[in-house]
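Residue-level listing of the chains:
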Amino acid sequence: MDNNSNSCYTKRKPFEELTLADDFLFCKVMQNKRLCKELLEIILHVKIDKIEYTESQKVLDDVIDEKSVRMDVYVQDNNHTVYDIEMQTSNTKELPKRSRYYHSCIDKSQVSKGEPYNKLRKTYVIFICTFDLFERNLAKYEFDTICKQDKNLTLADDRHTVFVNAQGVTDDQKLKEFLDFLRDGEVSKTPFILDLRKEVNYASKNSKWREEYDMLLAREQLLVEEGRKEGLVQGIEKQKQDTVSFIQKMQEKGLSAEEILASLSSGELKQN
């Protein structure tokens, strides 16, 4: 989720209408470690022993221009391979370059000044799209760095980018079943899809997450109105991200939804 582009919190549909294709619900469902691991295995055709969440929605900052990104699902496996999974419903035409920026942010977060480059880990940036970015009707587009003069020669930079297309065609039955569920809500009888539906149903009835979503939408609408009144456009996305972090911190302190909304209205967010 790019802090300077459309984020999952710009969707204005009611909470009860959210599906797995909505970033907010996708982020919550992927907190289920087993389902997240299996989804990675289905997309990448790899075997993963276990995964760990480094943070809930990892935030990576670029100190040069204060541009930051909040990763939807950011995990690493037992071999220290890093995976960033992004749900994307809007074709903003810049996903290839956004993937490049995401890779660079992840790389900079792994290596400090003076450290050797071989500390960089294998990294996968995965965009799950509800549209066909490349219009080739493929369900999955995988990109590595390949030599133009010898297509059998791959640059061993351990950087991998994957675009999953929910509209595409595939012979991979497991991937097809996931895309059918993502796109149309079609439920197969396989354990993964049944468990995924169960987790989506649970997330859609979670009162705490409903409150969080409603607070984010309310705050976003306030920011939009303030921006219109003051003629300001830049900075609104940064304020949204500050709001997300503020709400999460207040929830960790045990504050109720009413108390958090009161804090937002009183301007406590600006003081922090």
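Everything below is about the structure shown above.
This one's a predicted model, so the numbers in the text were calculated from it and none came from an experiment.

(A) Up close: the environment of Cys 129. Structurally, Cys 129 is set in strand β6 (residues 123–129). Note: C-alpha distance between Cys 129 and Ala 139 (10 residues apart in sequence) is 9.7 Å. In contact with Cys 129, other than residues within four places in its own chain, are Gln 88, Leu 95, Val 164, Asn 165 and Ala 166.

(B) View of the nonpolar core. Ranked by internal contacts, the top residues of the largest apolar core, which has 52 residues, are Ile 126, Ile 128 and Phe 178. In terms of residues, this core owes the most to one element, helix α2 (residues 33–44), which gives seven residues. Among residues more than four places away in sequence, those in contact with Ile 126 are Leu 40, Ile 43, Leu 44, Asp 84, Ile 85, Glu 86, Val 162 and Val 164. Ranked by size, the runner-up nonpolar core spans 15 residues in total, among them Met 71, Tyr 101, Cys 105 and Phe 131.

(C) Region of the structure containing the environment of Arg 183. Secondary-structure assignment places Arg 183 in helix α4 (residues 173–184). Each C-alpha atom of the pair Arg 183 and Gln 167 lies 7.7 Å from the other, and the pair is 16 residues apart in sequence. Here Asp 184 takes part through its side chain, which lies 2.9 Å from a polar atom of the side chain of Arg 183.

(D) Here's a closer look at the pairing of strand β5 (residues 82–88). The element β5 is extensively covered by neighbouring structure, given that seven of its seven residues are classed as buried. Here β5 shows a buried face lined by Val 82, Asp 84, Glu 86 and Gln 88 and a second buried face lined by Tyr 83, Ile 85 and Met 87. The sheet contact formed by strand β4 (residues 73–77) and β5 spans four bridges and is antiparallel. What sits directly across from Gln 76, in β5, is Val 82. Pairing of β5 with β6, which is carried by seven bridges, proceeds in the parallel orientation. Paired with Gln 88 across the strands is Cys 129, a residue of β6. The β-α-β motif built from β5, the intervening helix α3 (residues 95–110) and the parallel element β6 has right-handed crossover chirality.

(E) A look at α4. Between its first and last C-alpha atoms α4 spans 16 Å; for 12 residues at 1.5 Å apiece the expected length is 16 Å, and the two agree. Within the sequence span of α4, burial applies to Leu 175, Glu 177, Phe 178, Leu 179, Asp 180, Phe 181 and Leu 182. Buried positions along α4 lie against α2, β5, β6, β7 (140–143), β8 (159–165) and α5 (191–204). Its side-chain oxygen 3.2 Å from the backbone nitrogen of Lys 174, Asp 172 forms the N-cap of α4.

What counts and what doesn't
- Residues numbered from 1 in each chain as written.
- Predicted model: local features only at pLDDT ≥ 70, side-chain atom pairs only at ≥ 80, totals over all residues.
- Heavy atoms only, no water.
- Helix = DSSP H or I, 4+ residues; strand = E, 2+ residues; numbered from the N terminus.
- Contact = heavy atoms within 4.5 Å.
- Core = buried A, V, L, I, M, F, W, Y, C linked by side-chain atoms within 4.5 Å.
- Buried < 20%, exposed > 50% of the residue type's maximum accessible area, 1.4 Å probe, protein only.
- Polar contact = N/O pair within 3.5 Å; in protein donor to acceptor, adjacent residues only side chain to side chain.
- Pairing = 2+ DSSP bridges.
- Right-handed = clockwise from strand over helix to strand, strands pointing away.
- Expected span 1.5 Å × (residues − 1).

Any link to function would need more than the numbers given here.
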